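Analysis of the macromolecular model
Now for the letters of each chain:
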Amino acid sequence: MLFIEALTICLFLTPLMRWAGTRLGIVDQPDAYRKFHAGVIPRCGGLAIYISFLVPVFIFLFFIKKESLLSTSNHYQVWVIVIGGGIAMLMGLADDIWNIRVRWKILFQIIAATVAYSGNLRIDNLSNPFGSPIELGFFSYPATLFWFFVCMNAINIFDGLDGLAAGVSLFVTLTLFGVSLAFGNDTGVFISACLSGAILGFLVYNFSPASIFMGDSGSMFIGFGIAALSLVSSYKAETATALLIPVIALFLPFFDLISAALRRWSKFLPLTMPDGKHLHHVMMSKGLSARRTVLYLYIVCIILCGAALVIMFSRGGATAAIVFIIGSVFLIGNHFLKVVDIQELRKRITHDRLRHQWNKKHVAKLIKVTDQVKTSKNLKDAWEYCAVAFKNLELSSASLNIFENTEWHTLQEWKQDASHIFGKQTSCGVSIPWTWTLEYPIQLKSETRLIILKLKGMNDSSEMRSIMPLLNDLAVEISKKNDSLKHS
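Let me begin by describing the structure that accompanies this report. Fair warning: this is a prediction, and the values are worked out from it, not measured in the lab. (Residues numbered from 1 in each chain as written. Predicted model: local features only at pLDDT ≥ 70, side-chain atom pairs only at ≥ 80, totals over all residues. Heavy atoms only, no water.)

**Focus: the pairing of strand 6 (residues 407-415)**
Where strand 5 (residues 395-404) meets strand 6, eight bridges bridge the pair, whose relative direction is antiparallel. Each bridged residue has a counterpart across the sheet, and for Ser397 the counterpart in strand 6 is Lys415. Two successive antiparallel strands, strand 5 and strand 6, enclose a turn made up of two residues, where Asn405 displays a positive phi of approximately 55°. (Pairing = 2+ DSSP bridges. Helix = DSSP H or I, 4+ residues; strand = E, 2+ residues; numbered from the N terminus.)

Now the structure itself:
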């Protein structure tokens, strides 16, 4: 009855929200890059999903109160999900309307997860295949925050095609309904019935061609609901499979979230920067239509949900084999689709390792030289200290030049035989010498004189950028030591 109530309410409420979203301008525009829908589509369907979830809960708790179905002690957890989910939904709705900043999104996601944690929806331990469970203790709170954060953002980032996120979420909630039913978890059955009914009612209007989108309000609420439901439904499960069941059921959104993070990290892009390289985008680039892409991903999700149920009923006997098979299949699939470019990841890891080694070798010595220059008495002594740094940086030459009386004059100069240096390869594979010039104008009374510290070497730009602030300080300190610039 809860499922039917939520389904019926959403079937009638979604068209109303579609009309309101169009009138209020809460709409999504196509961009032919990440959004392939035709025309302007309202994106406030999340409000319809939340209300359709909320009404059956109210009817049951206030008017029916059948203790044989849901004990009074479990009402508190239901209210926690209602309140925490409401916070997540309102935050998403605010983003749909005003496009709020990422920091505010994260803040309200933390608040929603904290509400769940306070309602005893938490991760207290992690499974250990080699012994007893690992008690998290103090780390239970950050682990719970992380779980809710990942679930909410995984559903949000997976909402890229008509009916994709809603359909996958429906399969996941129905799977968790089965898990709750198998373990006799009344609260899990109660929540999953309301949530899956509301999602199905919305999916009728959201499947291709969609007439309304769930928006961030829907993805955040559904993500929160699934995160909470996974903790509730697996409460009586064996510790070894408690969280593994929802992880496998949600593997598609998790894979898309993790691959997006790795892809952006490997390209030195902000993790919050959207792109058109998600799993569904890549599949469409192979020639599939949007609808066919969604249907194929539905099939994969159903198989994953089936695998999760097999793990539950096998009591851990087939867990390792199923996890190995799923991981292998996705690695092979990624090899052909290249959702995550392994070569790009390898380059980024190599780059970070080489840059760390280079900084470790050079930066500390450059800091020491800068301090020595500050305490030196004159330009000659300061330049001798600098020569040590220049040699350590494997430069070929350095000079301090001043533009005065329409001519350039060299105040100090340093050179070394750099033939062995230019024969080396840089971290990017290029062995071409280049010149880097720093210019610092110094104002002396009514005239301006230009001092230039000119460095020539083979260091690549990423390495030199890492020490640019220190070189800036060094150049300033050198200029202060030039007695000829001091006005008497």
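**Focus on the environment of Asp216**
Note on placement: Asp216 falls in helix 8 (residues 215-233). Distance in space between the C-alpha atoms of Asp216 and Ile97 is 9.8 Å, their sequence separation being 119 residues. Excluding anything up to four places from it in sequence, Asp216 contacts Gly92, Asp95, Asp96, Lys105 and Asn156. (Contact = heavy atoms within 4.5 Å.)

**Focus on the packing of helix 4 (residues 102-118) against helix 8**
With their axes 11 Å apart at the nearest point, helix 4 and helix 8 run at an angle of 30° to one another. The angle between the axes of helix 4 and helix 8 places the two elements in the roughly parallel class. Of the two elements, helix 4 crosses helix 8, and the hand of that crossing is right-handed. The segment helix 4 lies against helix 8, with Lys105, Gln109, Ala112, Ala113 and Ala116 engaging Asp216, Met220 and Phe224. (Axes fitted to C-alpha atoms, helices over the stretch in contact; angles between N-to-C directions. Parallel < 35°, antiparallel > 145°, perpendicular 65-115°, else oblique. Left-handed = near helix turned anticlockwise from the far one by under 90°.)

**A look at the environment of Leu7**
Assignment of secondary structure puts Leu7 in helix 1 (residues 2-24). For the pair Leu7 and Phe202, spaced 195 residues apart in sequence, the C-alpha separation works out to 8.1 Å. Discounting residues that sit within four places of it in the chain, Leu7 has contacts with Gly197, Ala198, Leu200 and Gly201.

**Comments concerning the packing of aromatic side chains**
All told, the structure shown has 17 aromatic pairs when counted by the stated rule. Ring geometry for Phe251 versus Phe255: centroids 6.5 Å apart, planes at 15°, classification stacked. Of this pair, Phe251 and Phe255 both sit in helix 10 (residues 251-266), separated by four residues, roughly a single helical turn. Note on Phe255: relative accessible area 15%, which makes it buried. Over the aromatic face of Tyr117 sits the side chain of Arg122, whose NZ or CZ is 4.0 Å from the ring centroid. (Phe/Tyr/Trp six-rings, centres within 6.5 Å; stacked < 30°, edge-to-face > 60°. Buried < 20%, exposed > 50% of the residue type's maximum accessible area, 1.4 Å probe, protein only. Lys NZ or Arg CZ within 6 Å of the ring centre and 35° of its normal.)

**Observations concerning helix 1**
A rise of 1.5 Å per residue sets the reference length of helix 1, with its 23 residues, at 33 Å; its end C-alpha atoms lie 31 Å apart and thus fit the reference within 8%. Taken together, the buried positions of helix 1 are occupied by Leu2, Ala6, Leu7, Cys10, Leu13, Thr14, Met17, Ala20 and Gly21. For helix 1, the elements touching its buried residues are strand 1 (27-28), strand 2 (41-42), helix 2 (45-64) and helix 7 (186-206). Immediately beyond the C-terminal end of helix 1, within one or two residues, lies Gly25, with a positive phi of roughly 80°. (Expected span 1.5 Å × (residues − 1).)

**Re the nonpolar core**
Counting 104 residues, the largest nonpolar core has Phe53, Trp147, Phe148 and Phe224 as the members making the most contacts within it. Every residue in contact with Phe224, bar those within four places of it in the chain, is listed here: Val80, Ile81, Gly84, Gly85, Ala88, Ala112, Ala113, Ala116, Phe148 and Met152. Listed in part, the 25 residues of the second largest apolar core include Ala382, Trp383, Leu395 and Leu455. (Core = buried A, V, L, I, M, F, W, Y, C linked by side-chain atoms within 4.5 Å.)

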